[in-house]
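Listed below are the residues making up each chain.
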Amino acid sequence: MARKSILAFTLMIVLVLTVLPFTVVEAAQIANFKVDSASCKVGDTVTVKIDMLNAVDFAAGNFTIDYDSTKLKLISNNENNIVLGEVLLTNYMISINNIEKEGKIKIVYVANPQDESHVKQAGNILTLVFVAVDDSNDESYVNFSAPILKERDGEDVKTEVEQGVISFLRPITSVSLNRTSIDLLKDEITELRLNYDPLNPTDNTNVVWRSSNTNVAIVNEGVVTAVGDGEAVNR
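Cut-offs and rules
- Residues numbered from 1 in each chain as written.
- Predicted model: local features only at pLDDT ≥ 70, side-chain atom pairs only at ≥ 80, totals over all residues.
- Heavy atoms only, no water.
- Helix = DSSP H or I, 4+ residues; strand = E, 2+ residues; numbered from the N terminus.
- Buried < 20%, exposed > 50% of the residue type's maximum accessible area, 1.4 Å probe, protein only.
- Contact = heavy atoms within 4.5 Å.
- Areas by Shrake-Rupley, 256 points an atom, 1.4 Å probe, with all protein chains shown as cover.
- Pairing = 2+ DSSP bridges.
- Core = buried A, V, L, I, M, F, W, Y, C linked by side-chain atoms within 4.5 Å.
- Salt bridge = Lys/Arg side-chain N within 4 Å of Asp/Glu carboxyl O.
- Axes fitted to C-alpha atoms, helices over the stretch in contact; angles between N-to-C directions.

### Looking at the overall build of the protein chain
Scanning the protein chain for helices and strands turns up one helix and 19 strands. Considering the protein chain as a whole, with its 235 residues, one finds that 31% of them fall into the buried category. Expressed as a percentage of contacts within the protein chain between residues at least 6 apart in sequence, the contacts between residues at least 24 apart total 67%. Counting only carbon and sulfur atoms, one obtains 52% of the accessible surface of the protein chain, whose full area is about 15,000 Å².

Pasting the structure below:
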């Protein structure tokens, strides 16, 4: 009798589990964005693209871009100095507020309420074109704050942003020594130094020092020691 009760109870559990509906929980959408990195010299034109890497539906969004206006001057061929990408170039209502003195751009986008249009593709959000005007720091930035996105039903869309870096290049244009000739007595020591133009180049400044005659002078990391009579070229 006990065995029949156990079998009946087990069968009931199986039937209940079979009848109960399964609820499928959809994973939250995450919109992934990426900002280009670039390298440039003063006077160069720098193009920075901001892309959405995956197709995520959203019907409204606030975008904020900050950049260092003391290092980068925003330019382009339109009055707002901003080129919208294919993701936003559709029948949407777009508001652009470009505050160049503060290095800030704000874009508000809302899908057309008269139809079902909304962003649903990956691709370029916008392209910014700058001229590099100051390289006193090694790097500058174009920072794309995590955008605030909304689905059509008002739900938030999670966002992640991979930021880029603007690196300034200062290539060496000339190199000279602090002294062109030296008179030393035996065992006297002096130091040679290299002068670079520009003063703070981003090129590799590691050098290998050599003496043309190690019986006369030896050189180590620019430090010259006279060891005998004669002439030697240290380089």
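### Some remarks on the sheet that holds strand 2 (residues 38-40)
If you walk across this open sheet you meet the three strands as 2-14-10, and the pairing is mixed. For this open sheet the edge positions go to strand 2 and strand 10 (139-140), each flanked by a neighbour on one side alone. Bridge analysis of strand 10 against strand 14 (residues 166-168) gives two bridges, and the strand direction is antiparallel. Across the sheet, residue Glu139 finds its bridge partner in strand 14, namely Ser167.

### A word on unusual backbone geometry
In this chain, Asp197 is followed by Pro198 through a cis amide linkage whose omega measures 0 degrees. Residue position: Pro198 is located in the loop between strand 17 (194-197) and strand 18 (217-220).

### Overview of the nonpolar core
Formed by 35 residues in total, the largest nonpolar core has its most connected members in Phe63, Phe130 and Val142. For this core, the leading source of residues is strand 9 (residues 123-132), giving five residues. By size, the runner-up hydrophobic cluster in this structure holds six residues, among which are Leu192, Val216, Ala217 and Val224.

### Some words on the pattern of salt bridges
Going through the model one piece at a time under the given rule, you end up with five salt bridges. Between Asp66 and Lys104 there is a salt bridge, and its shortest N-O distance comes to 2.6 Å. With Asp66 in strand 4 (residues 60-67) and Lys104 in strand 8 (residues 104-110), the pair connects residues that are 38 residues apart, well separated along the chain. Judged by relative accessible area, which is 17%, Asp66 ranks as buried.

### Quick look at the sheet that holds strand 18
Ordered in space as 16-19-18, the three strands form an open sheet in which the pairing is antiparallel. Of all the strands in the sheet, just strand 16 (189-191) and strand 18 have a single pairing partner and so form its edges. Here the strands of the sheet are splayed against their neighbours by 20 degrees on average, with no regard to which way each runs. Two strands pair when backbone bridges link them, and strand 18 and strand 19 (residues 223-226) are joined in this way by four bridges, in the antiparallel orientation. Bridge assignment links Val219 to a residue of strand 19, and that residue is Val224.

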